[in-house]
Each structure stands twice: as structure tokens, then as C-alpha cells.
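Analysis of the macromolecular model
Okay, here's what each chain looks like letter by letter:
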Amino acid sequence: MFQIGDVVKINHVAPNYNGKFAFVYDSYTDFEDPNQIGVCLVTLDDQAIDTGGWSYREQKDYLEYFMTSGFEYEFKNAIQLQTDIQNGLLDPVRDRITHKLYVEKNDAEQSTN
């Protein structure tokens, strides 16, 4: 459903994730349905929380596609992921989200004027 490098919005789930943007950093064969792909996410807020894996069903129920980041991360392990985040891995992705939200807001304002 989603691919490494996609940015998704988490909806209708635990309050600490609801409405947050997240980056797809890894994928795996879904445990519930081996014909589908599960994805791993890290939130794009200042906390950069690794939310773990999301099955295909969970993706359909709780995730909404927002954009592709244009960046594919090669996941090695959780320690390397955290090191990469601390070194600014997600900064360009956050910048692209901010830009897209700004453009969408301006487009919406112009269409109402």
C-alpha cells in the first residue's frame, strides 16, 4: 500500500499519534496476510517516535497517504535509525511537508478570494 520514502498521516488511533505525519522507513511481509506488505513508521515531529510495524489492514484503517518524500531510506537497525535521525535524516522530509502545507493553504485561500 505504502512505500519506503512515503509520508503518511496517522488517523483514528491512539491519541499520541493521531494527526501526526510519519515517514515510512522500512517494509516487511505482512504477518496477517503474507500476500501483503507491512510498513514501519517514524513520526516526523520533534520526538521522532518509532511507531513500529503497521499491517496492511492497519494501513488501510489508520494511515492516509500525504506525499512521497523523494527519499528512500535503507534501514539497517534501530540504533542506526536513531543515529541517522539525530544527524538530521528527517530534516529535509520535514521541510517538504512544511512547504506542501504552506502551498496548499495559500491555494485554498486564493480559491476563496
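Preceding this paragraph is the structure being described.
The rules behind each value
- Residues numbered from 1 in each chain as written.
- Predicted model: local features only at pLDDT ≥ 70, side-chain atom pairs only at ≥ 80, totals over all residues.
- Heavy atoms only, no water.
- Salt bridge = Lys/Arg side-chain N within 4 Å of Asp/Glu carboxyl O.
- Helix = DSSP H or I, 4+ residues; strand = E, 2+ residues; numbered from the N terminus.
- Buried < 20%, exposed > 50% of the residue type's maximum accessible area, 1.4 Å probe, protein only.
- Phe/Tyr/Trp six-rings, centres within 6.5 Å; stacked < 30°, edge-to-face > 60°.
- Lys NZ or Arg CZ within 6 Å of the ring centre and 35° of its normal.
- Expected span 1.5 Å × (residues − 1).
- Arc of directions from axis to C-beta.

Our focus in this paragraph is the pattern of salt bridges. Across all of its chains, the model carries six salt bridges by this definition. Residue Asp45 is joined to Lys20 by a salt bridge in which the shortest nitrogen-to-oxygen separation is 2.5 Å. A residue pair is termed long-range when its members are at least 10 positions apart, and Asp45 in the loop between strand E3 (37–43) and strand E4 (50–54) and Lys20 in the loop between strand E1 (6–10) and strand E2 (21–29) qualify at 25 residues. Classification of Lys20 by relative accessible area gives partly exposed; the value is 21%. Connected through shared salt-bridge partners, Glu32, Arg57 and Asp61 make up one network.

Glancing now at the packing of aromatic side chains. The geometry of an aromatic ring pair comes down to the distance between the two centres and the angle between the two planes. For the structure on display, the rule yields four aromatic pairs. Plain terms: the ring middles of Phe21 and Phe66 are 4.6 Å apart, the flat faces sit at 55° to each other, and that makes the pair tilted. A residue pair is termed long-range when its members are at least 10 positions apart, and Phe21 in strand E2 and Phe66 in strand E5 (residues 63–68) qualify at 45 residues. For Phe21, a relative accessible area of 18% puts it in the buried group. For Phe66, a relative accessible area of 13% gives the class buried. Aromatic side chains Tyr25 and Phe75 sit 5.0 Å apart centroid to centroid with 50° between the ring planes, which places their arrangement in the tilted category. Residue Tyr25 is found in strand E2, and its partner Phe75 is found in the loop between E5 and helix H2 (78–86); the two are separated by 50 residues along the sequence. When the ring centre of Phe66 is taken as reference, the NZ or CZ atom of Lys100 above it lies at 4.5 Å.

Bringing unusual backbone geometry into the picture now. Positive phi outside glycine occurs at Ala48, with the angle close to 45°. Of note, Ala48 is situated in the loop between E3 and E4.

What follows deals with helix H3 (residues 91–112). Here H3 contains 22 residues, and its C-alpha end-to-end distance of 32 Å stays within 8% of the 32 Å for a straight helix at 1.5 Å per residue. Taken as a whole, H3 has its buried residues at Val93, Arg94 and Ile97. On an axial view of H3, the arc spanned by its buried residues comes to 100°, and they lie on one face. Away from its buried face, by an angle of more than 90 degrees, H3 presents the exposed residues Asp95, Thr98, His99, Tyr102 and Gln110.

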